[in-house]
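Results of the structural survey
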Amino acid sequence: MTRSLVIKVTAGADAPERCSQAFTVASVAVASGVDVSLWLTGESAWFALPGRAAEFSLPESAPLTDLLDAVLTGGRVTVCTQCAARRSFGPEDVIPGIRIAGAAVFVSEALAEDVQALVY
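Now for a quick tour of the structure. Remember, predicted model here, so these are calculated numbers, not experimental data.

Points about helix α2 (residues 64–74)
Three or more residues of α2 are buried, namely Leu 64, Leu 67, Leu 68 and Val 71. One face of α2 carries all of its buried residues, which in axial projection span an arc of 95°. Elements that come into contact with the buried residues of α2 comprise α1 (16–31), β2 (36–40) and β3 (76–80).

A look at the packing of aromatic side chains
Per the stated rule, a full pass over the model turns up 4 aromatic pairs. With a centroid separation of 5.4 Å and an interplanar angle of 80°, the aromatic rings of Trp 39 and Phe 106 are classed as edge-to-face. Highlighted residues: Trp 39 in strand β2 and Phe 106 in helix α4 (residues 103–110), separated in sequence by 67 residues. Take Trp 39 and Phe 106: they sit in the same class, and that class is buried. Both rings, one in Trp 46 and one in Phe 89, keep their centres 6.2 Å apart while their planes meet at 45°; by these two values the pair is tilted. One end of the pair, Trp 46, is in the loop between β2 and α2; the other, Phe 89, is in the loop between α3 (81–86) and β4 (98–101), and 43 residues separate them in sequence. Positioned over the ring face of Phe 106 is Lys 8, at 4.5 Å from the centre of the ring.

Describing the pattern of salt bridges
For the coordinates displayed, the defined rule picks out 3 salt bridges. Of the charged contacts, one joins Glu 43 and Arg 87 as a salt bridge, the two residues approaching to 2.9 Å between their closest N and O atoms. One end of the pair, Glu 43, is in the loop between β2 and α2; the other, Arg 87, is in the loop between α3 and β4, and 44 residues separate them in sequence. Using a relative accessible area of 16% as the deciding quantity, one classes Arg 87 as buried. Between Arg 99 and Glu 109 there is a salt bridge whose closest N-O contact spans 2.3 Å.

A closer look at the side chain of Ser 4
Following the sequence through the fold, Ser 4 ends up in strand β1 (residues 4–9). Reaching out from Ser 4, the side chain makes a polar contact with the side chain of Asp 35 at a distance of 3.1 Å. The residues contacting Ser 4, other than those within four sequence positions of it, are Val 34, Asp 35, Asp 114, Val 115 and Gln 116.

What to know about the sheet that holds β1
The strand order across the open sheet formed by 5 strands is β4-β3-β2-β1-β5, and the pairing between neighbours is parallel. Single-partner strands in this sheet number two, and they are β4 and β5 (115–119). Pairs of neighbouring strands in the sheet enclose a mean axial angle of 25°, with direction left out of account. Where β1 meets β5, 5 bridges bridge the pair, whose relative direction is parallel. Paired with Lys 8 across the bridge in β5 is Val 119.

Brief notes about the nonpolar core
Membership of the largest hydrophobic core comes to 34 residues, with the highest contact counts inside it found for Phe 23, Val 36, Leu 38, Leu 40, Val 79 and Phe 89. Elements with a minimum of two residues in this core: β1, α1, β2, α2, β3 and α3. Counting residues per element, this core draws most heavily on α1, at 6 residues. Residue contacts for Phe 23: discarding those within four places in its chain leaves Val 9, Leu 38, Leu 40, Phe 47, Leu 64, Leu 67 and Leu 68.

Calculation criteria
Residues numbered from 1 in each chain as written. Predicted model: local features only at pLDDT ≥ 70, side-chain atom pairs only at ≥ 80, totals over all residues. Heavy atoms only, no water. Buried < 20%, exposed > 50% of the residue type's maximum accessible area, 1.4 Å probe, protein only. Helix = DSSP H or I, 4+ residues; strand = E, 2+ residues; numbered from the N terminus. Arc of directions from axis to C-beta. Contact = heavy atoms within 4.5 Å. Phe/Tyr/Trp six-rings, centres within 6.5 Å; stacked < 30°, edge-to-face > 60°. Lys NZ or Arg CZ within 6 Å of the ring centre and 35° of its normal. Salt bridge = Lys/Arg side-chain N within 4 Å of Asp/Glu carboxyl O. Polar contact = N/O pair within 3.5 Å; in protein donor to acceptor, adjacent residues only side chain to side chain. Pairing = 2+ DSSP bridges. Axes fitted to C-alpha atoms, helices over the stretch in contact; angles between N-to-C directions. Core = buried A, V, L, I, M, F, W, Y, C linked by side-chain atoms within 4.5 Å.

What follows is the structure, given as structure tokens:
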């Protein structure tokens, strides 16, 4: 039996290596057939908005847009409710397929049976 993977990324352009690692792990897990839920919190919340991932660049790393697209295609992407509110955007502003949900949903996913949670 394969465990699901819940990944919470708190870093954005402020900590590019940590941010890229989270997206890379999420996309590799999706490509491996793992059920993945990627949570965008803190500064990574900005990547839920159209065009923001394209602005991110890190040498020797896959483009963030490609990694995000891979997760959206085979997994789930969620933005923290409070993080979106603090940045003044809502469901109508995010990339299609990205949802906005709160801590209760994150806790429910992270504590489900056969789940591994990672935080970057």
